[in-house]
Amino acid sequence: MEKRITGHTELMALIAKPIRHSISPALQNAGFRKLGLDYAYLAFEIDEEDLENTLLGLKAMKVRGCNVSMPYKTAVIPYLDHLSPAAKLIGAVNTIVNDHGILTGHITDGTGLMSALKDAGEDPIGKKMVIVGCGGAATAIAIQAAMDGVKELIIYNKKDRFFPNALETAKKITNNTQAKVTVKDLDDLEALKADMHSSQYFINATNVGMAPMNGITYIPDQSYFAPELFVVDIIYNPQKTKLLEMAEAAGCKFMNGLNMLLWQGAASFKLWTGQDMPIDYVKEEIGFK
């Protein structure tokens, strides 16, 4: 039995669907345990029709905060009282803070990725970055990278019904930062190869490569990877996607989504508790490499 759970223990939550695969509960609870904070973090798989009641329940139960993952990062916004400036700009939320019944939405995906790169000894400021995807995580990463000082961003996405999201993200970056940004069709493989060879960073911010798409990548072959390219796949299950296998074979440095998850979780932890997550302890407890 978890001896630290008492009648005074307060709840933290994660809401998404699906979510049973998540390592966030282990990550957050390790941090609470190390610092002696009387919180317990649990994952809840929520159906779309129950989302409003879930947010009302967070208020009623005085839950201090929660994380939000796919597919609810945008859907929760109408049920919140306030948005942080970054969440408002990005149009997505992955962290909610409950201050005495007032729910404020924040987004830590972008800061998580940038902190993970710094933790890996990388400095993308002033460099060129290719990002594939235009969902909530991709948008957060692109806008945060631009705000932090990445010089040039190339956003790739297929010309599907989500393509306008990429164009809207580019407009926000142009209007709010100094970064140069271009949006291109992911099916333009010649342009993709050229940009991958002239960039320092390549980020897959889609779910291509994650179950049930294991072993799949939109990169045709290994020649797309220049050895100088640092490759990030925000997927962490599997820990080495087909994309990362190809990057490794090409001699690239690479990183999966585990460290991004850790650092975005650390940012949430700070918002809820006011304290820094004990990163080294959590890495050791969770088995991060």
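Just above sits the structure.
Residues numbered from 1 in each chain as written. Predicted model: local features only at pLDDT ≥ 70, side-chain atom pairs only at ≥ 80, totals over all residues. Heavy atoms only, no water.

Trainee: Give me the sheet that holds strand E9 (residues 180-185): which residues, what numbers.
Mentor: Sheets are built from strands that pair by backbone hydrogen bonding, the pairs being arranged parallel or antiparallel. With parallel pairing, the six strands of this open sheet are ordered in space as E9-E8-E7-E10-E11-E12. Two strands lie at the open edges of the sheet, namely E9 and strand E12 (253-255), each paired on one side alone. Neighbour-to-neighbour, the strand axes of the sheet open up by a mean angle of 15°, direction not taken into account. In terms of strand pairing, strand E7 (residues 128-132) meets strand E8 (residues 152-157) through five bridges, oriented parallel. (Pairing = 2+ DSSP bridges. Helix = DSSP H or I, 4+ residues; strand = E, 2+ residues; numbered from the N terminus. Axes fitted to C-alpha atoms, helices over the stretch in contact; angles between N-to-C directions.)

Trainee: Give a detailed account of the packing of helix H4 (residues 109-119) against helix H5 (residues 136-148), specifying residues and quantitative values.
Mentor: With their axes 7 Å apart at the nearest point, H4 and H5 run at an angle of 60° to one another. Classified by the interaxial angle, the pair formed by H4 and H5 is oblique. As H4 packs across H5, the resulting crossing turns out to be right-handed. Seen from H4, the contacting residues are Asp109, Gly110, Thr111, Leu113 and Met114; seen from H5, they are Ala137, Ala140, Ile141, Gln144, Ala145 and Asp148. Of the residues that constitute the contact of H4 with H5, the class distribution is six nonpolar, three polar and two charged. (Parallel < 35°, antiparallel > 145°, perpendicular 65-115°, else oblique. Left-handed = near helix turned anticlockwise from the far one by under 90°. Contact = heavy atoms within 4.5 Å. Nonpolar A, V, L, I, M, F, W, Y, C, P; charged D, E, K, R; others polar.)

Trainee: Describe in detail the packing of helix H1 (residues 24-35) against helix H9 (residues 258-273), supporting the description with residues and values.
Mentor: It is at 10 Å that the axes of H1 and H9 come closest, and there the two elements cross at 50°. Relative to H9, the element H1 lies oblique. Read as a crossing pair, H1 and H9 show a hand that is right-handed. Residues Ser24, Leu27, Gln28, Gly31, Phe32 and Leu35 of H1 lie in contact with H9, whose contacting residues are Leu261, Leu262, Gly265, Ser268, Phe269, Trp272 and Thr273. Looking at the contact of H1 with H9 residue by residue, the classes come out as seven nonpolar, six polar and no charged.

Trainee: Got a sec to walk through the environment of Tyr79? Specific residues and values, please.
Mentor: Within the secondary structure layout, Tyr79 lies in the loop between strand E3 (65-68) and strand E4 (82-83). The sequence separation of Tyr79 and Thr104 amounts to 25 residues, and the corresponding C-alpha distance is 9.8 Å. Setting aside residues up to four positions removed in sequence, Tyr79 forms contacts with Leu51, Glu52, Leu55 and Leu103.

Trainee: Describe the environment of Tyr224, with residues and values.
Mentor: Structurally, Tyr224 can be placed in the loop between strand E10 (201-204) and strand E11 (230-233). Classification of Tyr224 as buried rests on a relative accessible area of 7%. Along the chain, Tyr224 and Pro238 lie 14 residues apart, while their C-alpha atoms are 22 Å from each other. The contact partners of Tyr224, leaving out residues within four places of it in the chain, are Leu189, Leu192, Lys193, Met196, His197 and Ile219. (Buried < 20%, exposed > 50% of the residue type's maximum accessible area, 1.4 Å probe, protein only.)

Trainee: I'd like a description of the sheet that holds E3, backed by residues and values.
Mentor: Pairing is mixed across the open sheet formed by six strands, whose spatial order is E2-E1-E3-E5-E6-E4. The open sheet terminates on both sides in strands that have one partner only, identified here as strand E2 (39-45) and E4. Of the strand pairs in this sheet, E3 and strand E5 (residues 95-99) are connected by three bridges, and their pairing is antiparallel. Paired with Asn67 across the strands is Thr95, a residue of E5. Along the sheet face, H1 touches strand E1 (10-16), E2 and E3 and points at about 170° away from the line of E2. The strands touched by H9 within the sheet are E1, E2, E3, E5 and strand E6 (102-106), with E5 carrying the most contacts at an inclination of about 5°.

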